[in-house]
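# Observations on chain architecture
Here is how the chains run, residue by residue.
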Amino acid sequence: MGAITLNAVEKWYGDVQVIKGVDLEINDGEFVIFVGPSGCGKSTLLRMIAGLEETSRGQVMIDGRDATAEPPSKRGLAMVFQSYALYPHMSVAENMGFSLKTAGAPKAEIEEKVAEAARALRLEEYLERRPKDLSGGQRQRVAIGRSIVRDPTAFLFDEPLSNLDAALRVEMRYEIAKLHEQLDSTMIYVTHDQVEAMTLADRIVVLSAGKIEQVGSPRELYERPGNLFVAQFIGSPKMNILPCTVSGGAFHIQDGRSGPAQGADGAVNLGIRPEAIELGEPGTGHLDGVVDLVEYLGADNYLVIDCGTSGKLTVRADGEEVIRVGDQVGLCFSEGRTHFFDTAGLALQM
Ligand code: ADP
Ligand code: MG
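Residues numbered from 1 in each chain as written. Chains lettered and ligands numbered in written order. Predicted model: local features only at pLDDT ≥ 70, side-chain atom pairs only at ≥ 80, totals over all residues. Heavy atoms only, no water.

### Considerations on the overall build of the protein
If you tally the helices and strands in the protein, you get nine helices and 20 strands. For the protein, the proportion of its 350 residues judged to be buried stands at 47%. The contacts in the protein between residues at least 6 apart in sequence include a share of 65% that link residues at least 24 apart. Accessible surface, the protein: about 16800 Å² in total, of which carbon and sulfur atoms supply 48%. In the protein, which carries 34 positive and 50 negative side-chain charges, the distance between the mean positions of the two groups comes to 7 Å. (Helix = DSSP H or I, 4+ residues; strand = E, 2+ residues; numbered from the N terminus. Buried < 20%, exposed > 50% of the residue type's maximum accessible area, 1.4 Å probe, protein only. Contact = heavy atoms within 4.5 Å. Areas by Shrake-Rupley, 256 points an atom, 1.4 Å probe, with all protein chains shown as cover. Lys, Arg positive; Asp, Glu negative; His and termini not counted. Charge placed at Lys NZ, Arg CZ, Asp CG, Glu CD.)

### Side note on the sheet that holds strand β15 (residues 277-280)
The sheet built from five strands is open, its strands ordered β15-β19-β16-β17-β18 with antiparallel pairing. The open sheet has two edge strands with one neighbour each: β15 and β18 (312-318). For this sheet, the mean inter-axis angle between neighbouring strands, taken without regard to orientation, is 45°. Both strand β16 (residues 287-296) and strand β19 (residues 328-333) contribute to a ladder of four bridges, which runs antiparallel. Among the inter-strand pairings, Gly 289 is bridged to a residue of β19, identified as Val 329. (Pairing = 2+ DSSP bridges. Axes fitted to C-alpha atoms, helices over the stretch in contact; angles between N-to-C directions.)

### Topic: the site of ligand 1
The local shell around ligand 1 consists of Tyr 13, Val 18, Pro 37, Ser 38, Gly 39, Cys 40, Gly 41, Lys 42, Ser 43 and Thr 44. Separating an oxygen atom of ligand 1 from a backbone N or O atom of Cys 40 is a distance of 3.2 Å. At 2.8 Å from an oxygen atom of ligand 1 is found a side-chain nitrogen or oxygen belonging to Ser 43. Its free accessible area being 570 Å², ligand 1 has 54% of it covered by the protein chains. (Near = heavy atom within 4 Å. Polar contact = N/O pair within 3.5 Å; in protein donor to acceptor, adjacent residues only side chain to side chain.)

### Remarks on unusual backbone geometry
Following Ser 236, the chain continues into Pro 237 via a peptide bond in cis, with omega recorded as -5°. With phi around 50°, Arg 122 is a residue other than glycine that occupies positive phi space. Positionally, Arg 122 belongs in the loop between α4 (107-120) and α5 (136-148). Take Arg 122: its relative accessible area is 49%, and that puts it in the partly exposed class. Non-glycine residue Asp 151 carries a positive phi angle of around 55°.

### Quick look at the domain arrangement of the protein
The domains assigned to the protein are domain 1 (4-228) and domain 2 (237-341). With six residues of domain 1 in contact, the opposing surface of domain 2 contributes seven residues. Counting each side, the surface lost to burial between domain 1 and domain 2 is near 510 Å², with a carbon and sulfur contribution of 63%. When residues of domain 1 are sorted by the area they lose upon contact with domain 2, Tyr 222, Pro 225 and Leu 228 head the list and together hold 86% of the total. (Domains from an automatic or database assignment. Buried area = accessible area lost by both parts, 1.4 Å probe.)

### Description of the sheet that holds strand β11 (residues 240-247)
Reading across from one edge, β13-β12-β11-β14-β20 is the order of the five strands in this open sheet, with antiparallel pairing throughout. Edge positions in the sheet fall to β13 (259-260) and β20 (338-341), since each has one partner strand and no second. For strand β12 (residues 250-252) and β13, the ladder comprises two bridges, and the chain directions are antiparallel. For Ala 250, the partnering residue across the bridge sits in β13 and is Pro 260.

### Considerations on the pattern of salt bridges
In the structure shown here, the tally under the stated rule is 15 salt bridges. For Asp 133, the salt bridge goes to Lys 132, with nearest N and O atoms at 3.5 Å. On the basis of relative accessibility, which here comes to 39%, the residue Asp 133 falls in the partly exposed class. Under the relative-accessibility criterion, Lys 132 is labelled exposed at 65%. The salt bridge involving Glu 223 is made with Arg 219; its shortest N-O contact spans 3.0 Å. Placement of the pair is Glu 223 and Arg 219 together in helix α8 (residues 218-223), with a separation of four residues, close to one helical turn. For Arg 219, a relative accessible area of 58% puts it in the exposed group. Each of Lys 11, Arg 47 and Glu 53 takes part in a single network of salt bridges with overlapping partners. (Salt bridge = Lys/Arg side-chain N within 4 Å of Asp/Glu carboxyl O.)

### Here we look at the pairing of strand β8 (residues 186-191)
Most of β8 sits out of view: six of its six residues are buried. The alternating pattern of β8 places Thr 186, Ile 188 and Val 190 and Met 187, Tyr 189 and Thr 191 on opposite faces, both of which are buried. Taken together, the five bridges between strand β3 (residues 31-35) and β8 define a ladder with parallel strand orientation. If you follow Val 35 over to β8, its bridge partner there is Thr 191.

### Description of the nonpolar core
Counting residues in hydrophobic clusters, the biggest one holds 44 residues, and the most contacted among them are Ile 33, Met 96, Ile 144 and Tyr 189. Take this core: its biggest share by element is five residues, from α4. Ignoring anything within four residues of it in the chain, the contact list for Ile 33 reads Tyr 189, Thr 191, Glu 196, Ala 197, Leu 200, Ala 201, Arg 203, Ile 204 and Val 205. Among the nonpolar cores identified, the runner-up in size contains 26 residues, and Ile 26, Leu 45, Met 79 and Ile 188 belong to it. (Core = buried A, V, L, I, M, F, W, Y, C linked by side-chain atoms within 4.5 Å.)

This is the structure we're talking about:
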């Protein structure tokens, strides 16, 4: 079991409101990621679920019971932090079994649970080592192992990979995905990294300034962002946004050419992802521009195209195409891949 429900939860520090009424249902076994810019309240919300932070208003429900007033030890949740704070004088096995030992579990049970966790985390060869003789990724795995042995109702992770270098982050991301598959437990994972969110989550919760912007699967958020914030937060490089007007079933860009659009007439924001723009000859497509920057990444070229009054647009082109700064190009927006947002930033249904 590991179903967690938040009912209108709020967090106030004095008269400053940090969490502004969050409703969320997390299903047993689900991998849910809280993502958002630094300071938006991700850690606070996670700590309220863990019981490490008092909930000012609303309810935290765990498996159908009201846990709002329960201390962390009663909630049966395990928290894994960015800094893993292992005991330096203890071996890996002792570190992992420590909480069971202090709880008075029998030796045979501790050994069995530690062995099981070591298998899941591929730490079997390292059980006798001290933390100082492990790599950063191995230490983080020990920290996770420490929580696995307690058989928690759910795992709560707060930016567990932020201290690791880029290559190790990718490796640990894979480990955590495999672990979730294997344990089948509820995981709530906080990160500011939208790539981590996209690759790991069953569902992503996008937060900004203490409020939920949107909840959905990675694909839903990418393909149907509900507002400009989500549209620009999910996806890298970012979705391009340019002002246009809609009339008579078409969008019209200043100094550009029209294309199909539905919905009411008026001023809107057009969104188009970098990979949904085709390069062509100047005078073709929807907009003309001049190549301002070429970022060659091997498989891809990321181009910044200066489109004058429409601003600078990022285009993802094939890495094999040779493109130079100063080239004149035409940009064609792929049909059906344009997004429209009203002037308040809400997605318009197409
Ligand atoms: P995140 O994890 O998304 O970066 P946090 O949850 O740590 O954000 O913080 C959310 C907001 O709450 C921030 O604006 C932060 O300054 C504020 N905050 C956190 N702890 C306290 C505190 N003890 N007193 C006052 N404000 C706090
Ligand atoms: Mg945080």
